[in-house]
Each structure stands twice: as C-alpha cells, then as structure tokens.
Amino acid sequence: MSKEIKISKGLDIHLMGEAKQETKEFLSPVTVALKPLDYIGITPKLLVNAGDRVEVGTPVFYSKEKPNIKFVSPVSGEVQEVKRGEKRVIQEIIIKNDGQNAAKDFGLSSLADMSKEDIKSKMLESGLWTLLRQRPYDVIPNEESLPKYIILKGFESSPLAPDYNYILKGEKAALQLGIDVLKKLTEKTLYLSLNPQTKCEDILSLQNVEKICFKGKHPYGNVSVQAEKISPINKGERIWYISLVDVLTIGQFFLEGKYNPTKTIALTGEETLTPCYYRVVRGTCIEEIVQGNVNTEKHLRYISGNVLTGTRIEANGYLGAFDNQITVIEEGDYKEGLGWVLPGFKKFSVSHTFPRGFFARCSKKPFSIDSNMHGGERAYVFTGEFERVFPMDIYPLHLIKACLTKDIDKMEELGIYEVDAEDFALCEVIDVSKTAIQTIVRNGLELMRKELGE
C-alpha cells in the first residue's frame, strides 16, 4: 500500500452475533421491493403499474429531478403492489418473483471501444448509476457532473460489519473491470480504502487505483473521515463514493452484458441463532432468511444495516438498497426500575457511570445489547464526550446546534459539506441527552441541499 493514515479518535463497539464465514444461497425470494425512500433527493415517477410484467433490468421508476437516472427490477415477474404512505408518497414497489430470471440484454461491448458517453449511457439505462453516491448530501450524483475524486470503500468498520475479504474472494476479474469502467468514465483519481485486516489478494492486487490503508477505530471506515484525510470537500466541490460490493456489480454487468442483482450479505446479531452469510437478490424480503434462525422467545428488532445507522424494518421487510447486512437484536421495550442505582456490570458505557465504562474503550470482548434507550430525551448537557469519538476536524456539538437552529451560514462555517448523518452515530450512542442527532444532521443537510438547489 502506498500510504497509511491513522485515525486517533473513535470507538469500536464489539457485539455478539458476528457472521461465520459460511454462505447460504437464497436467490429465489417470493417477492422483492424497490424502496425510493432509500435514495435521498429522489421523487419517483413510476414506469410500471400493478399487474405489469418485468424482467431483470426493466426500469421500474425514474427520478423526477434527474429523468435519466432509472431504477430497475432485480427479478423477473409481476409488479404486485405499489405501497404509498402519507400524501401518497411511494414507499415500496413490490415485485412478485416468477423464478425465471429472464433478464434484459444490454449487449456486450469491449471497454476499449467504448467512449465515456457510451459508458454513462449504459450505466444509466441499466440502473447501475444508482450505485454511485455523492458527497455532500449523500445523493446519487448528477450524470452531467464530475467528481473531484472517487473513494472505493474496501471495508466497513461498523459493528458486526461484513468481511469484504470473504465476500469478494475470487472476484478479481469483475472487480478490476468495474474499476476500469469508473476510471474511464471520470478520468479522476480512484482511492481504494483498505485497513490492516485487508488480506484478500484479489483486493490487494487491484490496479488503476491509489490504495490507502486506514488504521484506527470506528468511524474510520466512514467516507467523510477518509475524504477529510485524502482531500477535504470545500464548498462547490463534489466527490463520489461506492462500495467494492457495488463495484463488483458494475464489473459483472460489463462482463456479461446483463444486470446481475445478486450480492452477499451478512446476517448478524445476538438474537440470530446461526449468524452467517447469504447470497441474495437486491431488495430481497428477509422473512424467509430469518425464519427459523432467530430467537422467537423474545420481542425482536430487525435492522437493515448495522445497529448504529441501519433502518428498522419488520420481520417480513425488505433489504435496503445500500445495505450489506441484516442485524437482529432484542427490542428492549421494557421498563427498568432504579436503573441508575444498580451497578450495571453488563451495561455498555464509555463514561464511568457504570463499571464497564472503565475498560469499554480498550476491551475487545463482545457484549450484549438491545434497543432500550435507558432514559428519555432531555436538555443538552455539555460533557465534551463527542470530541472523544468524533475524529474529524469539526466541532460536532456546535454543528448540531447550527442544524437545530437552521443557521445556514453557521452550518457552512462549521463544515456541513464534509459530513453525513452516519458520522454522528457514535455521538448519538454516548449522548446523555438521548437526542436523535443523526436525524438533526440529516435535516440540516436537506435544508442546505434545497437552499442551494442541489
């Protein structure tokens, strides 16, 4: 690796329920769903109706703001239902799988013979463009824009994160082609972020990228943290980022000429009986995956993603568009009498409120966790704890307050363009005020995006 960067601040949260390195196939779900709400800044315009037939790769909806950006079906079958919420907002487009895997053929072309416009056109038509994300705002990038650089995420540092060494082993050819496609598309520098645990030769031997090894604790796997160390995002600048799992999908498409909607995810969490990996279709219904593999004696919470930044779903809910992990924990909907008086030897803490707080920052022993808040929302208390887990050169509490007061000028001064809601997840965990900090920051980013017409 050409460069190493150490992140000194942060906090690793070691939980029970890490996925074992064995993979089960679940490639024929009864239904799948496309969820427009997974994509920030997208107003969906339907291209299909209930009862319509679709193939793998058939456009299902497009973005009202960016009509060229299309979202395609991951299975062949019939559109079963379009679920709407308040104000008729489209929440899910559910497609019943016919098991035939009939796929739209986009044609094979040699990358050497393709222009940048050819690549862009194919990625837009096939739905692959939606795998790219942009900072600031965490939106799908405008097809007419170019980034300052691209970050390829080669690892995750969140609790119980899937091991990219395992899920990408043996995929070098497709990975390399995906990288070459992005390089030709943008002609910008591609940074591949790795960590000391990256041992897979299929990843380490990738070419046409600048490899950077990040060391430290979570959130050193977050794009914002990595971007600040590579080259900070200033006002008016844009960077793109994409997971190596999605780079693989791009490579497979240009190898086969068809959209390959499969990927490997991790089923994790203490309440999972056999945590392991599953080969699934994007947007799959998790019901058949978790059925018979979770502790049904408890009231459970199902999360698409990790415990810090994931989205709560039902037991028959659907995998999120960018999630490579399902986490199952106890709901924690119980009342705790005199909780602050009891010693709390098994309670997670980073302060010295409970005995475990004295060694929480250095212990690697996994512990049990549920979703109990252990208290209600209250006024902000200045503890200085946020700065201990927030590794960026930004004042987190001041930025949160600017978001709360909708002070656009102050948000700009304090670095709103460099961050995303996920960067404040640890602040939310240790916040004694029990505030929904990620929601506050997300609302601040949305205010900036709309004010600036992004």
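Below or above, wherever it landed, is the structure these notes cover. Note that this is a predicted model, so its numbers are computed, not measured. (Residues numbered from 1 in each chain as written. Predicted model: local features only at pLDDT ≥ 70, side-chain atom pairs only at ≥ 80, totals over all residues. Heavy atoms only, no water.)

## Observations concerning the packing of aromatic side chains
- Per the counting criterion, the structure on display carries 10 aromatic pairs.
- With a centroid separation of 5.5 Å and 80° between ring planes, the pair formed by Trp-129 and Trp-240 is classed as edge-to-face. On the criterion of sequence distance, the pair formed by Trp-129 in the loop between α1 (116–126) and β10 (133–135) and Trp-240 in strand β14 (residues 239–243) is long-range, its members being 111 residues apart. Of the two residues, Trp-129 and Trp-240, both sit in the buried class.
- For the ring pair Phe-390 and Phe-424, a centre distance of 5.0 Å and an interplane angle of 40° mean the geometry is tilted. Of the two residues, Phe-390 is situated in the loop between α8 (386–389) and α9 (396–404) and Phe-424 in the loop between α10 (408–413) and α11 (425–430); the sequence distance between them amounts to 34 residues. (Phe/Tyr/Trp six-rings, centres within 6.5 Å; stacked < 30°, edge-to-face > 60°. Helix = DSSP H or I, 4+ residues; strand = E, 2+ residues; numbered from the N terminus. Buried < 20%, exposed > 50% of the residue type's maximum accessible area, 1.4 Å probe, protein only.)

## Thoughts on the pairing of strand β11 (residues 150–153)
- Side chains Ile-150 and Leu-152 project from β11 onto one buried face, and the interleaved Ile-151 and Lys-153 project onto a second face that is buried too.
- In this sheet, strand β12 (residues 190–194) lies alongside β11 in parallel orientation, the contact comprising 4 bridges. Across the sheet, the residue bridging to Leu-152 is Leu-192, located in β12.
- As paired elements, β11 and β14 share 4 bridges and run parallel to each other. Bridged to Ile-150 within β14 is Trp-240. (Pairing = 2+ DSSP bridges.)

## Topic: helix α6 (residues 244–256)
- In this model α6 runs 18 Å from its N-terminal to its C-terminal C-alpha over 13 residues, within 8% of the 18 Å that 1.5 Å per residue would give.
- Counting buried positions along α6 gives 11 out of 13 residues, so the element sits mostly inside the fold.
- Among the residues of α6, those classed as buried are Leu-244, Val-245, Asp-246, Val-247, Leu-248, Thr-249, Ile-250, Gly-251, Gln-252, Phe-253 and Phe-254.
- Two to three positions downstream of the cap, the backbone nitrogen of Val-245 sits 3.1 Å from a side-chain oxygen, assigning the N-cap of α6 to Ser-243.
- The first or second residue beyond α6 is Gly-257, which carries a positive phi of 80°. (Expected span 1.5 Å × (residues − 1). Polar contact = N/O pair within 3.5 Å; in protein donor to acceptor, adjacent residues only side chain to side chain.)

## Describing the packing of α1 against α6
- Following both chains from N to C, one finds α1 and α6 inclined at 105°, their axes separated by 12 Å at the closest point. When the axis of α1 is compared with that of α6, the two are roughly perpendicular. Here Ile-119, Lys-122, Met-123 and Ser-126 of α1 come into contact with α6, specifically with Ile-250, Phe-253 and Phe-254.
- Grouping the constituent residues of the contact of α1 with α6 by class yields 5 nonpolar, 1 polar and 1 charged. (Axes fitted to C-alpha atoms, helices over the stretch in contact; angles between N-to-C directions. Parallel < 35°, antiparallel > 145°, perpendicular 65-115°, else oblique. Contact = heavy atoms within 4.5 Å. Nonpolar A, V, L, I, M, F, W, Y, C, P; charged D, E, K, R; others polar.)

## Topic: α9
- For α9, every residue scored as buried is listed here: Pro-396, Leu-397, Leu-399, Ile-400, Ala-402 and Cys-403.
- For α9, the secondary structure elements touched by its buried residues are α8, α10, α11 and α12 (437–451).
- Looking one or two residues past α9, Lys-406 carries a phi angle of roughly 55°, positive in sign.

## Details of the environment of Met-373
- Tracing the backbone shows Met-373 in the loop between β19 (325–330) and α8.
- Residue Met-373 is classed as partly exposed on the basis of its relative accessible area, which comes to 48%.
- Taking the C-alpha atoms as reference points, Met-373 and Val-429, 56 residues apart in sequence, are found 9.4 Å from one another.

## A word on the nonpolar core
- If you look at the biggest cluster of nonpolar residues, it comprises 62 residues, and the most contacted ones within it are Met-123, Trp-129, Leu-152, Leu-244, Ile-250 and Phe-254.
- By size, the runner-up hydrophobic cluster in this structure holds 50 residues, among which are Phe-386, Met-411, Phe-424 and Val-441. (Core = buried A, V, L, I, M, F, W, Y, C linked by side-chain atoms within 4.5 Å.)

## Structural notes on the packing of α9 against α12
- Contact geometry of α9 with α12 gives a least axis separation of 8 Å together with a crossing angle of 60°. Relative to α12, the element α9 is oriented oblique. Considering the relative orientation of α9 and α12, their crossing is left-handed. Along the contact surface, α9 presents Ile-400, Cys-403 and Leu-404, while α12 presents Ile-437, Ile-440, Val-441 and Gly-444.
- A class-by-class count of the residues in the contact of α9 with α12 yields 6 nonpolar, 1 polar and no charged. (Left-handed = near helix turned anticlockwise from the far one by under 90°.)

## Quick word on the side chain of Glu-331
- For Glu-331, the location among the structural elements is in the loop between β19 and α8.
- Looking at Glu-331, the relative accessible area reads 6%, which means it is buried.
- Side-chain polar atoms of Glu-331 contact the side chain of Arg-312, separated by 3.5 Å.

Purely spatial values, then, with no claim about function.
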